[in-house]
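Observations on the model geometry
Given next are the chains, with one letter for each unit.
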Amino acid sequence: MASLRDLGLSEYEARAYRALLNTGPTTAKELSRASDVPMGRIYDVLNSIEQYNLVRTQTASRPKKYVAVEPSTALDRLLEDKKRELDEKADQYESIVDDLSDELDAADPVEEQFWTAAVGPEETIDLLLERLAAADQSIVMVAADPVPQRDMQTVGDDVLATLEDALDRGVSVDVLMTRRLVNSLSQNVGERYRSTLQARDDFDVRTSEEVTGSFNLIDDAEVCIQVPNPLSSGDAFGMIDLKDPEFAANVHDEFAPRWEDAEPLTF
């Protein structure tokens with residue numbers, strides 16, 4: 001059940017405000033009895049909800065009287081306070097992330113092999129986006145099959161946004177795909193390609209019908225290989241991420257002649 005405490009009030013503050021709605025203008029002593037807030041705490045509680053702008057006071061009277069602000073106004077004020085508090089928290093967390101990004105330097109790359117895997121369409125996309133975001137120098141994307149139509153727009157937009165971030169970091173991006181995959185991309189992806197990416201020297205897209213699988217080569221040291229689902233055409237069964245510079249070099253050697261023979265993308 002929703003509670004005033006969900007909007008930041010303490011138990012005593014919530015009791016006092018609810019009691020004021022029933023009593024009408026009243027003194028602190030009378031409110032203490034009506035709300036079951038101890039007399040030793042009632043003035044602190046009233047001062048607190050007055051700072052929330054939930055009560056109005058009649059200071060000319062002796063003793064001082066208090067009256068509740070209408071619930072709709074009170075709730076709007078509490079909501080605005082919460083939104084302001086959350087915005088301040090968000091700014092604080094962003095500042096912490098910026099500071100930690102400079103402080104937490106990654107160790108030198110390990111030359112030993114290391115591999116991990118993701119299983120399932122959503123997990124596969126999460127791993128792909130994570131590894132693309134980790135690129136420092138170069139990204140090569142080779143893509144053959146579209147994901148299911150229900151996911152194409154979301155996946156395409158997410159991947160393109162991640163590639164744009166990589167380009168802004170100084171990472172070069174080469175994309176080789178089949179014409180069938182190009183035709184399945186969302187209109188938004190096509191428009192963003194034409195308007196912001198096509199003219200960039202560090203971004204190149206080509207098409208080839210010799211592409212039969214999907215993989216990503218990152219910084220010439222890491223390969224993400226998509227594993228298709230043998231029982232569902234177009235679905236990703238999973239992805240294997242392998243860090244091995246020697247294997248990555250072999251993959252690049254296989255990729256290079258196909259890239260040279262591929263045609264520049266045109267819509």
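Everything below is about the structure printed above this text.
All figures in this text were calculated on a predicted structure; none of them were measured in a lab.

1. Considerations on the nonpolar core
In this structure, Ile 139, Leu 163 and Phe 203 are the most contacted members of the largest nonpolar core, which totals 30 residues. Elements with a contribution of two residues or more to this core: helix H5 (121-133), strand S5 (138-143), helix H6 (149-168), strand S6 (172-177), helix H7 (179-184), helix H8 (187-197) and strand S7 (203-207). For Phe 203, the residues in contact, after removing those within four places along its chain, are Leu 163, Leu 167, Val 173, Val 175, Tyr 193 and Leu 197.

2. Let's talk about the sheet that holds strand S3 (residues 65-68)
Read across the sheet, three strands follow the order S1-S3-S2 without closing on themselves; strand pairing throughout is antiparallel. Strands with a single pairing partner mark the edges of an open sheet, and in this sheet they are strand S1 (26-27) and strand S2 (55-58). In terms of strand pairing, S1 meets S3 through two bridges, oriented antiparallel. When the sheet's bridge partners are listed, Thr 27 is paired in S3 with Lys 65. Docked against the sheet, helix H1 (residues 11-23) engages S1, S2 and S3, running at close to 95° with respect to S3. Relative to S2, helix H3 (residues 39-51) is tilted by about 115°, and along the sheet it contacts S2 and S3.

3. Brief notes about H1
End to end, H1 covers 18 Å across 13 residues, agreeing with the expected 18 Å (1.5 Å per residue, within 8%). Taken together, the buried positions of H1 are Glu 13, Ala 14, Ala 16, Tyr 17, Ala 19 and Leu 20. Buried residues belonging to H1 abut S1, helix H2 (28-35), H3, S2, S3 and helix H4 (71-103). Among the residues trailing H1, Gly 24 stands out with phi positive, at a value near 75°.

4. Here's the deal with a nonpolar patch on the surface
Residues Tyr 93, Ile 96, Leu 100 and Leu 104 make up a contiguous nonpolar surface patch of roughly 390 Å² in combined accessible area. Relative to the assigned elements, Leu 100 resides in helix H4.

Reading the values: the criteria
Position numbers for residues start from 1 in each chain and track the written sequence from start to end. The predicted origin of the model limits local features to residues at a pLDDT of at least 70 and limits the giving and counting of side-chain atom pairs to 80 or more, whereas totals for whole chains, interfaces and linings rest on all residues. Side-chain numbers here rest on the full set of heavy atoms in the structure, without hydrogens or water. Take the buried residues of types Ala, Val, Leu, Ile, Met, Phe, Trp, Tyr and Cys, join any two whose side-chain atoms come within 4.5 Å, and each joined set is a nonpolar core. In this scheme, a residue with accessible area under 20% of its type's maximum is buried, one over 50% is exposed, and one in between is partly exposed, where area comes from a 1.4 Å probe on protein chains only. To qualify as a helix, a DSSP run of H or I must reach at least 4 residues; to qualify as a strand, a run of E must reach at least 2; elements of each kind are numbered from the N terminus. Contacts are assigned to residue pairs with any non-hydrogen atoms lying within 4.5 Å of each other. Whether two strands pair depends on DSSP finding at least two bridges between them. All axes are obtained by fitting lines to C-alpha atoms, using only the stretch in contact for helices, and the reported angles, taken between N-to-C directions, cover 0 to 180 degrees. The span one expects for a helix is its residue count, reduced by one, times 1.5 Å. Two joining distances apply to patches: 9 Å for like charges and 5 Å for nonpolar side chains (Val, Leu, Ile, Met, Phe, Trp, Tyr), and every residue must have over 30% relative accessible area and no salt bridge. A 1.4 Å probe and the Shrake-Rupley method give the accessible areas. Residues count as covered only by the protein chains that appear here. What makes a salt bridge here is a side-chain nitrogen of Lys or Arg within 4 Å of a carboxyl oxygen of Asp or Glu, nothing more.

By themselves, these observations are geometric and do not establish any function.
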